[in-house]
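Single-letter residue listing:
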Amino acid sequence: MFQDNPLLAQLKQQIQETLPKKEGTIKATDKGFGFLEVDSKTSFFIPPPYMKKCMHGDKVVAIIRTEKEKEVAEPEELVEQGLNRFIGRVKMFKGKLNVTPDHPQLKKQSLKAKVKKGLNPEHFAEGDWVVAHLIRHPLKGDNGFFVEISEKITDANDKIAPWWVTLAQNDLPNSEPAGIDNWSLKDDEALERIDMTHVPFVTIDGASTKDMDDALYAKKTESGDFELTIAIADPTAYITPEDEMDKVARERGFTIYLPGRNIPMLPRDLADDLCSLIEDEVRPALCCSVTVSKDGVINDDIKFFAANIKSHARLVYDQVSDWLENGSSDEWQPNEQISTIVRDLYEFSLARANWREENAVVFPDRPDYRFELSEDNDVVAIHADMRRSANRLVEESMITANICAGKTLQATFNSGVFNTHAGFKPEKIADVVELVNPQGELPYSAESIATLEGFSALRRWLGKQETSYLDNRIRKSQAYSEIGNQPLPHYAMGLDIYATWTSPIRKYGDMINHRMLKAHILGKEPVQTPDEMVGEELALHRKHHKIAERNVGDWLYARTLAEEPSKATTFTGEIFDINRAGMRIRLIENGAAAFIPGSLILDNKERLVCNSEEGSTSIDNEVVYRLGDTLEVVLTEVNQENRSLVAKPTQVFADSKPAETESAPE
């Protein structure tokens, strides 16, 4: 008798209008219920029946009502859809097409689906990876959720899935751009290229590198100074700002580097052949020459010029490092001319490194982790490569070249594509001073560390401390590195100016700087100048590329370490983050990130405190772990579906408070 009763419906509407409403974001759980997160301190429980109308990440307005003496939220109005374009896996349910989103909070949610017009539903099978779009939502008045599949990424068990799925997830290309049949030089007619093919430039790269974009030459003078010349591959000799290829390069921003493979910014026939500084091949290059004193000071005789150059030796990092560090290499024996050049480059790099250690900021050495893959995309090994002598030699050469470019662009145009860093966040400076200088005994004040010199001095001091605890604490107070068109300092490097131009094959911003440096050479206005959007675009590309690199790495780590929990293999982990739920560590042996939940440190919430502000973990008010500490761990869980690792310390803390005469464990 009450069904379809208009009076009852009106009464219900009136009651709902008088109930309070809150706007917030849906946080789902794997148990069917969820929470409406209003702010960092306020949330409301959402019972399972109400969760059927919304999805993790949705921004909604909800009615707050009391049920069984408990405040609960009932989502009523959709403000912003949490899921739009997403990656998922096909799930067949009673012969009907469904898609399960590839998201930790949504993996149990199977959504009814159809394929986009033009696609054949028969071509989709259980577990296939797809791109899908949520096109219907219950809070929009639709009858349930519904999605449309717009693209098949790859088959269910394809071993290349980590790469293709991650690229699709971040809306990144999975292949090189299409080249053209005939590349031709398009230099400004007034640009004269000096013939420097007789100068014995050398390239130093990895053994498998094909896109060799820098060649070096150095000569030590009788006074002990160094005459350095850096030659950089010149794709802007073939690509003008009006070309379609330039638009493609800008849309990509950078070459995408993923574990085991890369997706180039430019076509490989240009990057790996025409522009690559291949041994004994004449190539157009943009060059910089400068004198560096024996004390590592960059002189003012910076000169940029265009040239045709030829690499006289294609050298490999490890072989050169062996020769420099051990006096010989089993695989490489240089002639007298090349050995002299390499030795002079090495001595130059030592002078510059010493100068930077004393006057700028030098980052601590950490290994680069490299996945070795088989032909069918299985991980054969994970290598921890330390930066060696040859790597540092090239690094110091590139840093010197980029400082020279920054100074030249600033002086000539007061514009360019600059890498910048603003130091500490202004609102965090007082906290930093309180942390490092609580007694006021050190020369670090709020005023001093706001300057480039003071910031650099503090970073050098931190680098000399016995532990990295303070360094880890302070890093959270630093600003992020940025890319912009204004000549601002780079505090994190301790440099007053820095503009990269040494990787134009791989970075679009470097192509812009090449064009501006050519304008400087010609004494003309640049054919291209960076607008305010370029820095934001490049920063966004860089962010997505880093996310993609990390995601593929997580996937491969989960694959590779899947059997380690059953083996109880012991690893050494370095703590890089602490939050109230536990600690995040990086396994030093292979670079994998793992989470240690508080319960696996000590299963007693009353005694254990993981303090994110202090960067420490305490038991009974005694600190047992801090940021930067290393500890031995074993993996307890490798979740391949979520690509996550869980670890626990090998050191056991008993779940019983020690007697007063005993000391708590260290």
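Keep in mind the model is a prediction, meaning the values are calculated, not measured.

Cut-offs and rules
Residues numbered from 1 in each chain as written. Predicted model: local features only at pLDDT ≥ 70, side-chain atom pairs only at ≥ 80, totals over all residues. Heavy atoms only, no water. UniProt positions renumbered as here; feature names shortened; annotations may be inferred. Helix = DSSP H or I, 4+ residues; strand = E, 2+ residues; numbered from the N terminus. 1 Å grid on protein atoms, 1.4 Å probe; cavity = no way out; pocket = protein on both sides within 12 Å on 5 of 7 lines; lining within 4 Å. Points joined across faces, edges and corners; volume = space filled by probe spheres on them. Nonpolar A, V, L, I, M, F, W, Y, C, P; charged D, E, K, R; others polar. Pairing = 2+ DSSP bridges. Axes fitted to C-alpha atoms, helices over the stretch in contact; angles between N-to-C directions. Buried < 20%, exposed > 50% of the residue type's maximum accessible area, 1.4 Å probe, protein only. Polar contact = N/O pair within 3.5 Å; in protein donor to acceptor, adjacent residues only side chain to side chain. Contact = heavy atoms within 4.5 Å. Core = buried A, V, L, I, M, F, W, Y, C linked by side-chain atoms within 4.5 Å.

With that settled, the discussion passes to the UniProt feature "domain: S1 motif" (unreviewed entry) in the protein chain. The sites that carry the UniProt feature "domain: S1 motif" (unreviewed entry) are, in the present numbering, residues 568–650. Secondary structure content for residues 568–650 is 5% helix and 60% strand, while the C-alpha to C-alpha distance between its ends is 10 Å.

Okay, the layout of surface pockets next. For the second largest pocket, the calculated volume is near 1,300 Å³. Taken together, the elements giving at least two residues each to the lining of the second largest pocket come down to strand 1 (21–28), strand 2 (34–37), helix 2 (48–51) and strand 8 (111–115). Looking at the lining of the second largest pocket residue by residue, the class counts come to 11 nonpolar, 11 polar and 11 charged.

This paragraph deals with the pairing of strand 4 (residues 59–67). Strand direction decides the pairing type here: strand 1 and strand 4, joined by five bridges, are antiparallel. Note on strand 4: the bridge partner recorded for K22 is A62. Both strand 4 and strand 5 (residues 70–80) contribute to a ladder of nine bridges, which runs antiparallel. Across the sheet, residue A62 finds its bridge partner in strand 5, namely P75. Between strand 4 and the antiparallel strand that follows it, strand 5, lie two residues; K68 among them carries a positive phi value of about 55 degrees.

Right, let's get into the sheet that holds strand 8. On the basis of which strands lie adjacent, the closed barrel formed by five strands has the order 6-7-8-10-9 and mixed pairing. With strand direction ignored, the average angle separating the axes of adjacent strands in the sheet is 55 degrees. Both strand 7 (residues 96–101) and strand 8 contribute to a ladder of two bridges, which runs antiparallel. Bridge pairing links V99 to L111 in strand 8.

What follows deals with the environment of D378. Secondary-structure assignment places D378 in the loop between strand 18 (368–373) and strand 19 (379–385). The partly exposed category is assigned to D378, whose relative accessible area is 30%. In this structure, the C-alpha to C-alpha distance between D378 and W129, residues 249 residues apart in sequence, is 19 Å. There is a polar contact of 2.8 Å between the side chain of D378 and the side chain of K159.

Turning our attention to the side chain of S293. Turning to its location among the elements, S293 is positioned in the loop between strand 16 (282–292) and strand 17 (303–316). In contact with S293, not counting residues within four places along its chain, are D225, F226, N299 and A351.

Moving on, we come to the sheet that holds strand 25 (residues 608–611). Reading across from one edge, 25-26-27 is the order of the three strands in this open sheet, with antiparallel pairing throughout. Since the sheet does not close on itself, it has two edges, and those belong to strand 25 and strand 27 (622–626), each with one partner. Between one strand axis and the next, the sheet turns through 25 degrees on average, direction left out of account.

The next point concerns the nonpolar core. Taken as a class, soluble globular proteins show a tendency for nonpolar side chains to be buried jointly. In this structure, I309, L315 and W501 are the most contacted members of the largest nonpolar core, which totals 83 residues. In terms of residues, this core owes the most to one element, helix 8 (residues 389–412), which gives 10 residues. Among the nonpolar cores identified, the runner-up in size contains 54 residues, and F424, I585, I596 and V633 belong to it.

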